[in-house]
Structures are given as structure tokens and as C-alpha cells.
Amino acid sequence: MTDANNGSAGKAAGGAKGPDELRRQIAETRSQLGATVEELAGKTDVKGRAMARAADLRDKAGAMTVQLRSSAAQAGHTVQEKATRVGHTVQERATHMGHTVQERATHVGHTAQGRAAGAAQAVQERAADGGHTVEERLPGPVRTVLVTGRRHPGVAWAALAAMTAAGAWQVWRAYRRAK
């Protein structure tokens, strides 16, 4: 009975039945260890995660800028269209009331159209400023990376490639040490 208990305890603890089984277990353990090392390396890559976050923020800021500019342009066109319609309506009514009234209505229509164009321009400028405001609210290091990346895209890509290579080298080195 004691031998039977010892035999079942050895199997439950994951003991190998033979050399082939032991080799298989060693290979499986190495694979799990490699995955764990890769996961830890990813979690400790603060610079890489910061770069990824900066890229996300840059993409969001760019998307917001495009959306704001598009909305501003749409609003400007809508205001211009409405002002043009109002101006034409005023002109049509003035034609029926006489030459003097027509001249005044034309003047009012042009003034309204000019003001609408000015308002549309102001809306577009505010939208563009809104995009800059989003960029200004980014944390200093992220803004610095964003501006540097825009000014020197080749340098930014080279730095990213160097960091990727350094991270890969660290993972490989940790893997080699684990052997």
C-alpha cells in the first residue's frame, strides 16, 4: 500500500515517467518561461509604452483637428447659404416695392452676406485654434515628442527602430540567460 501511495503522489506532482517525458516537460517549461519573459519585458518597456501612448494622443489630436475643421467649414457654408438665401429673398421683395427700397435691400443683403462670410471665417479660425488648444493641453513630454516627430520624422522613425532593436536585444539576452 505504501508503494501505491508513493507512485500516485509522484504522478500527481508531475513526475516524469521516463527521459522522453522529462525532455518534453523541460521544453514545455522553457516555452512558458520564454512567454513570461516576453510579457515582463513588454511591461517594463516604459519608453515604448509612452511612445505608443504619444502616438495614440497624436492620432486623437489630429482626428479632433480634422473633425473641428470639417465642422467649422460645414457651419461656414451653412451660414453663407442661409445668408445668400436671405439676401435673395430681400432683393425679390424689394423689387416689388420700388427702386429705392430695392437699393436699400441690396445693401442689406450685401451687408448680411459680408457678415456671414466674416462669421464663417471666424468659426473656421476658432476651429483651427481648437486643434492647437488640444495640442497645447498635452503633457510636456508628449507634446515634445509630437513636435519633434513632426519636424524630424526621419529621426523619430530611427529612434523608434533603435528602441525596438534594443528591446528585442534585451528579450533575447534574458532568454539566453534563462537557458
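Residues numbered from 1 in each chain as written. Predicted model: local features only at pLDDT ≥ 70, side-chain atom pairs only at ≥ 80, totals over all residues. Heavy atoms only, no water.

### Digging into the overall build of the chain
A tally of helices and strands in the chain yields six helices and zero strands. When the helices and strands of the chain are placed in sequence order, the string is α-α-α-α-α-α. Classification of the 179 residues of the chain by burial places 12% in the buried group. Counting contacts in the chain only where the partners sit at least 6 residues apart, residues at least 24 apart contribute 60% of the total. Summing over all exposed atoms, the chain offers an accessible surface of approximately 13600 Å²; the carbon and sulfur share of this is 58%. (Helix = DSSP H or I, 4+ residues; strand = E, 2+ residues; numbered from the N terminus. Buried < 20%, exposed > 50% of the residue type's maximum accessible area, 1.4 Å probe, protein only. Contact = heavy atoms within 4.5 Å. Areas by Shrake-Rupley, 256 points an atom, 1.4 Å probe, with all protein chains shown as cover.)

### Description of the layout of surface pockets
Over the atoms rolls a probe the size of a water molecule, and its path tells where empty space is left. The volume enclosed by the largest pocket comes to roughly 660 Å³. Lining of the largest pocket is provided by 26 residues; of these, Lys47, Met51, Ala159, Leu160 and Met163 occupy positions nearest its centre. Contributions of two or more residues to the lining of the largest pocket are made by helix H2 (19–44), helix H3 (46–97), helix H5 (140–151) and helix H6 (153–178). Among the elements that take part in the lining of the largest pocket, H6 stands out by supplying 13 residues, more than any other. The residue makeup of the lining of the largest pocket, split by class, is 15 nonpolar, eight polar and three charged. (1 Å grid on protein atoms, 1.4 Å probe; cavity = no way out; pocket = protein on both sides within 12 Å on 5 of 7 lines; lining within 4 Å. Points joined across faces, edges and corners; volume = space filled by probe spheres on them. Nonpolar A, V, L, I, M, F, W, Y, C, P; charged D, E, K, R; others polar.)

### Comments concerning the pattern of salt bridges
Applying the stated rule across the entire model yields three salt bridges. The residue Asp20 makes a salt bridge to Arg23 at a minimum N-O spacing of 3.2 Å. Residue Asp20 and its partner Arg23 are both found in helix H2; the two are separated by three residues, about one turn of the helix. Judged on exposure class, the residue Asp20 and its partner Arg23 are both exposed. Across the pair Arg24 and Glu28 runs a salt bridge, and its minimum N-O distance is 2.8 Å. (Salt bridge = Lys/Arg side-chain N within 4 Å of Asp/Glu carboxyl O.)

### A look at the environment of Thr89
Residue placement: Thr89 occurs in helix H3. What makes Thr89 partly exposed here is its relative accessible area of 35%. The sequence separation of Thr89 and Gly109 amounts to 20 residues, and the corresponding C-alpha distance is 8.8 Å. One polar contact links the side chain of Thr89 to the main-chain carbonyl oxygen of Arg85, over a distance of 2.8 Å. (Polar contact = N/O pair within 3.5 Å; in protein donor to acceptor, adjacent residues only side chain to side chain.)

### Quick word on the confidence of the model for the chain
Chain-level pLDDT for the chain is 77 on average; 79% of the residues reach the 70-or-more range. Averaged pLDDT values over the elements of the chain bottom out at 44 in helix H1 (residues 2–12) and peak at 89 in H2. Low pLDDT, under 50, characterises residues 1–12; the predicted model gives this stretch one contact beyond four residues in sequence or across chains. (pLDDT = per-residue confidence, 0-100.)

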